Amino acid sequence: MIRETLAVGLLGCNCTVLGDEASREAIVVDPGYDIPRILAVLAQHQLTVNQIVVTHAHIDHIASALTLKEITGAPILYSKDDLPLVAIMDWQAALFQLAVPEVRPPDHSPAEGEWVNVKGVEAMVMLTPGHSEGSLCLYLPAEDLLLAGDTLFAGGVGRTDFPGGDSGKLMASLRERLLLLPDATVVVPGHGPETTIGIERRTNPFLA
Ligand SMILES: [Zn+2]
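What counts, and where the lines are drawn
- Residues numbered from 1 in each chain as written.
- Predicted model: local features only at pLDDT ≥ 70, side-chain atom pairs only at ≥ 80, totals over all residues.
- Heavy atoms only, no water.
- Pairing = 2+ DSSP bridges.
- Helix = DSSP H or I, 4+ residues; strand = E, 2+ residues; numbered from the N terminus.
- Contact = heavy atoms within 4.5 Å.
- Axes fitted to C-alpha atoms, helices over the stretch in contact; angles between N-to-C directions.
- Core = buried A, V, L, I, M, F, W, Y, C linked by side-chain atoms within 4.5 Å.
- Buried < 20%, exposed > 50% of the residue type's maximum accessible area, 1.4 Å probe, protein only.

Draft legend 1. How the structure looks around the sheet that holds strand 3 (residues 25–29). Read from one edge of the open sheet, five strands run 1-2-3-4-5, paired in mixed fashion. Looking at which strands have only one partner, the edges of the open sheet turn out to be strand 1 (2–8) and strand 5 (76–77). Across five bridges, strand 3 lies against strand 4 (residues 48–53) in parallel orientation. By the bridge assignment for strand 4, Val29 is matched with Val53. Strand contacts of helix 1 (residues 35–44): strand 1, strand 2 (13–19), strand 3 and strand 4, with the helix running at about 165 degrees to strand 1, the strand carrying the most contacts. Together, strand 3, strand 4 and strand 5 form the strand contacts of helix 3 (residues 65–72), whose direction differs from that of strand 4 by roughly 150 degrees.

If you want it as structure tokens, here you go:
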């Protein structure tokens, strides 16, 4: 599998491109900003985007999803439980002094355990509320890979002080979901460096 992660936008959201070498189909996760850079990565690997997934509807993760959809024709998947965050996109933009992006409801709101597939790439949706009500992670068991959004970071966890955040739900998502994954699972968080489930289990102070 082809995987490229690039930090996009002023807030450094990790956008990840998952592609299959044979079919050249791809999933793009969290295309917050920097569409030209994302398109360059896709072109470099000769990939066609078939699915766009947004881990949660915070502005830095979702701002350019519609632009990428208009360019590629791929549907946008995120949880309808984050629609209240879409409704306050102007507030989110003002908070970070960003332009208000056009954000539409998802083409599809995936269910727990649902597979997001393109030919050769299989990612399972894990609904992990806490950082926001509709936060989700993508787990690729064949790759030992987790795209964690802002639920889990290297040495940290997602903040819960924005509307829809809930620290109790976040801890339940971490303890009852993410920490059940194998230690070897590589974690790509929504911001910052990669880590593994094993490292976080042993060293993350928020999980002690
Ligand atoms: Zn966020």
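Draft legend 2. Representation of the nonpolar core within the structure. Judged by nonpolar contacts, the single largest core of 31 residues is most densely connected at Val17, Val28, Ile38, Leu42, Ile52, Ile62 and Tyr78. Here this core gets four residues from one element, more than from any other, and that element is helix 1. Those residues in contact with Ile52, other than ones at most four positions away along the chain, are Val28, Pro31, Ala65, Leu68, Lys69, Thr72, Ala74, Pro75, Ile76 and Leu77.

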